[in-house]
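Summary of structural features
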Amino acid sequence: MIWQNKYKIFNQHFAIYEYNQFIHDYFKRYKRYGDALLAQLFQAEIKRWSKLVKYDLVTYIPSSQSHFLKRGFDPVYELYKQVFDLTAVFEKVDADKPQAQKNKQERMQTPQTFKIRADFRKKDQDMQILIVDDIYTTGRTLLHARQLLYDKGFQEIYTFSLTR
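Being a predicted model, the structure only gives us computed values, none of them experimental.

This part is about the sheet that holds strand 6 (residues 156-163). Pairing in this open sheet of four strands is parallel, and the strands run 1-6-5-2 from one edge to the other. Every interior strand has two partners, whereas the edge strands, strand 1 (12-17) and strand 2 (57-60), have only one. Each adjacent strand pair in this sheet contributes to an overall mean axis angle of 25°, direction not counted. Here strand 2 pairs with strand 5 (residues 128-135) via four bridges, running parallel. Pairing of Val58 across the sheet is with Leu130, part of strand 5. On the sheet, helix 3 (residues 43-50) packs against strand 1, strand 5 and strand 6 and is oriented at approximately 145° with respect to strand 1.

Structure follows, in structure tokens:
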């Protein structure tokens, strides 16, 4: 609601779970400590949700190169690769510090950290596109990605996260 009220940006977002202590601990083990096998924990629920919807293109919020090298895997890609035919659309440049280390105000003011990949070829601007991420906190990350697609002429852009 903040984005819609303050900035007149409407985003149709879907999430399966509400963020809680269990989810916090899960992502700490999964992302911070690199337990990549945990990506499989929510596969059944994500697959169940995916059968309710149909999109022409599904993309994801990628890790920056430095995070990928540090972890050895991309957590968002790993979380969804068994469910969706993911298309890499975005590249993330390294930011001053990770979102997880920012407070709400800092997150809301985060500048654009994405760009459209040079190898992305837009097909049909009437496509329905889904952008997936792991955690929706303020929405800033997904809205940055969404804005890039919107600026390229796409109108039907939806977002999804495991938790919000």
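Read on, since the account is not over.
Before going further, it helps to examine helix 2 (residues 21-32). Since the α-helix turns once every 3.6 residues, residues separated by three or four places project in the same direction. Under the 1.5 Å per step criterion, the end-to-end length of helix 2 is 15 Å for 12 residues, consistent within 8% with the ideal 16 Å. Check the buried side of helix 2 and you find it contacts strand 1, helix 5 (75-80), strand 5 and strand 6. Near the N-terminus of helix 2, the side chain that reaches the backbone nitrogen of Phe22, with its oxygen 3.0 Å away, is that of Asn20. Gly34 lies just past helix 2 and shows a positive phi near 70°.

Summed over the entire model, instances satisfying the criterion amount to five salt bridges. With its nearest N and O atoms 3.0 Å apart, the salt bridge here joins Glu78 to Lys81. A salt bridge links Arg117 to Asp119; its shortest N-O distance comes to 2.8 Å. Exposure remark for Arg117: the relative accessible area of 26% places this residue in the partly exposed category. With a relative accessible area of 48%, Asp119 lands in the partly exposed category.

Here we take up the confidence of the model for the chain. When the pLDDT values of the chain are averaged, the result is 89; 90% of them are 70 or greater. Mean pLDDT per element in the chain: helix 1 (residues 2-7) is the minimum at 53, and helix 5 is the maximum at 98.

This brings us to the packing of aromatic side chains. The full count for this structure, using the stated rule, is 14 aromatic pairs. Seen from their ring centres, Tyr80 and Phe84 are 6.2 Å apart, and the 45° between their planes marks the pair as tilted. The class of Tyr80 is buried, set by a relative accessible area of 0%. With 5.9 Å between their ring centres and 75° between their planes, Tyr80 and Phe160 make a pair best called edge-to-face. One end of the pair, Tyr80, is in helix 5; the other, Phe160, is in strand 6, and 80 residues separate them in sequence. Exposure class is identical for Tyr80 and Phe160. Each is buried. Here the aromatic residues Tyr17, Tyr26, Phe27, Tyr30, Phe42 and Phe73 are joined through ring pairs into a cluster of three or more.

Let's shift gears to the nonpolar core. Looking at soluble globular proteins, one finds that nonpolar side chains tend to be buried together. Counting 25 residues, the largest nonpolar core has Tyr80, Phe84, Leu130 and Val132 as the members making the most contacts within it. For this core, the elements supplying multiple residues, two or more each, are helix 2, helix 3, strand 2, helix 5, strand 5 and strand 6. For this core, the leading source of residues is helix 2, giving four residues. Other than its neighbours up to four places away in sequence, Val132 contacts Val58, Thr59, Tyr60, Ile61, Val76, Tyr80, Phe84, Leu86 and Phe160.

Reading the values: the criteria
Residues numbered from 1 in each chain as written. Predicted model: local features only at pLDDT ≥ 70, side-chain atom pairs only at ≥ 80, totals over all residues. Heavy atoms only, no water. Pairing = 2+ DSSP bridges. Helix = DSSP H or I, 4+ residues; strand = E, 2+ residues; numbered from the N terminus. Axes fitted to C-alpha atoms, helices over the stretch in contact; angles between N-to-C directions. Contact = heavy atoms within 4.5 Å. Expected span 1.5 Å × (residues − 1). Polar contact = N/O pair within 3.5 Å; in protein donor to acceptor, adjacent residues only side chain to side chain. Salt bridge = Lys/Arg side-chain N within 4 Å of Asp/Glu carboxyl O. Buried < 20%, exposed > 50% of the residue type's maximum accessible area, 1.4 Å probe, protein only. pLDDT = per-residue confidence, 0-100. Phe/Tyr/Trp six-rings, centres within 6.5 Å; stacked < 30°, edge-to-face > 60°. Core = buried A, V, L, I, M, F, W, Y, C linked by side-chain atoms within 4.5 Å.

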